[in-house]
Amino acid sequence: MANIKFNDLMAEAAKDEKTVVIEGPDGTPVKLREFSNLPGADFKLVLKYMDILQDKKVKESEKIDAMDLCLIAACDKKDVMREMLDLLPLSGREVIFDAWMEAAEVPES
């Protein structure tokens, strides 16, 4: 019988994680977690938002919202990320999103 421990699984995931850390407006570090290491609910949200981003029928404003919500779902400090995204112009948000996609190897839908 295999004996798998939850803490061992979490430690293994953290060991191999490729993260992006962004400094928030007040200097608080916000960690964007690797796609494959997101907890179940956040993982499903990111998949949902990625589908929206890839849908050619969706308005650009909805895609921007989906990008922001994707970043919020992927981060460890959601309130700080929301504040940061509200303050940043679109170009800054895209820089964060692109860095996370590259580091985390997010699959395309």
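Above this text is the structure in question.
## Overview of the pairing of strand E2 (residues 29-32)
Move 1: A one-sided burial pattern is seen for E2, the buried positions being Val30 and Leu32 and the unburied ones Pro29 and Lys31.
Move 2: Judged from the four bridges that link them, strand E1 (residues 20-23) and E2 form a sheet pairing that is antiparallel. Following the sheet pairing, Val21 is matched in E2 by Lys31.
Move 3: Linkage of E1 to E2, two consecutive antiparallel strands, is achieved through a turn of five residues, within which Gly27 is found at a positive phi near 95 degrees.

## So, the packing of aromatic side chains
The geometry of an aromatic ring pair comes down to the distance between the two centres and the angle between the two planes.
Move 1: Taken as a whole, this structure holds two aromatic pairs when the rule is applied.
Move 2: Aromatic pair Phe35 and Phe43: ring centres 4.7 Å apart, planes at 35 degrees, arrangement tilted.
Move 3: For Phe35, a relative accessible area of 6% corresponds to the buried category.
Move 4: Ring plane angle 55 degrees and centroid distance 6.1 Å describe the contact between Phe97 and Trp100, whose orientation is recorded as tilted. Of the two residues, Phe97 and Trp100 both sit in helix H5 (residues 90-104), three residues apart, roughly one turn of that helix. Each of the two residues, Phe97 as well as Trp100, counts as buried.

## Focus on the nonpolar core
Move 1: Core analysis: the largest hydrophobic core is formed by 24 residues, its most contacted members being Leu32, Val46, Leu71, Met81 and Trp100.
Move 2: If you list the elements that add at least two residues to this core, you get E1, E2, helix H2 (40-54), helix H3 (60-74), helix H4 (78-87) and H5.
Move 3: The element that contributes the greatest number of residues to this core is H3, accounting for seven residues.
Move 4: Once you skip the residues sitting within four places of it in the chain, Leu71 turns out to touch Leu32, Met81, Leu85, Arg93, Ile96, Phe97 and Trp100.

## What to know about H4
Residues spaced three or four apart along an α-helix point in a common direction, a consequence of the helix completing one turn every 3.6 residues.
Move 1: Listed in full, the buried residues belonging to H4 are Val80, Met81, Met84 and Leu85. Viewed end-on, H4 has its buried residues packed into an arc of 130 degrees, placing them on one side of the element. Every exposed residue of H4 that faces more than 90 degrees away from the buried side is listed here: Asp79, Asp86 and Leu87.

## Side note on the pattern of salt bridges
Move 1: Under the counting rule described, the total for this entry stands at four salt bridges.
Move 2: The closest approach of N and O atoms between Arg33 and Asp42, which form a salt bridge, is 2.8 Å.
Move 3: In the salt-bridge network here, residues are joined through shared partners; they are Arg33, Asp42 and Lys78.

## Observations regarding the side chain of Arg33
Move 1: Positionally, Arg33 belongs in the loop between E2 and H2.
Move 2: With relative accessibility at 14%, the residue Arg33 sits in the buried group.

## Here's the deal with H3
Move 1: Helix length check: H3, at 15 residues, gives a terminal C-alpha distance of 21 Å against a target of 21 Å (1.5 Å per residue), a fit within 8%.
Move 2: The set of residues buried in H3 consists of Lys63, Ala66, Met67, Asp68, Cys70, Leu71, Ile72, Ala73 and Ala74.

## So, the environment of Ile72
Move 1: Checked against the element boundaries, Ile72 lands in helix H3.
Move 2: A relative accessible area of 10% means that Ile72 is categorised as buried.
Move 3: Along the sequence, Ile72 and Asp42 sit 30 residues apart, while their C-alpha atoms lie 9.0 Å from each other.
Move 4: Once residues lying within four places of it in the same chain are set aside, the contact partners of Ile72 are Lys78, Met81, Arg82 and Leu85.

Analysis parameters
- Residues numbered from 1 in each chain as written.
- Predicted model: local features only at pLDDT ≥ 70, side-chain atom pairs only at ≥ 80, totals over all residues.
- Heavy atoms only, no water.
- Buried < 20%, exposed > 50% of the residue type's maximum accessible area, 1.4 Å probe, protein only.
- Helix = DSSP H or I, 4+ residues; strand = E, 2+ residues; numbered from the N terminus.
- Pairing = 2+ DSSP bridges.
- Phe/Tyr/Trp six-rings, centres within 6.5 Å; stacked < 30°, edge-to-face > 60°.
- Core = buried A, V, L, I, M, F, W, Y, C linked by side-chain atoms within 4.5 Å.
- Contact = heavy atoms within 4.5 Å.
- Arc of directions from axis to C-beta.
- Salt bridge = Lys/Arg side-chain N within 4 Å of Asp/Glu carboxyl O.
- Expected span 1.5 Å × (residues − 1).

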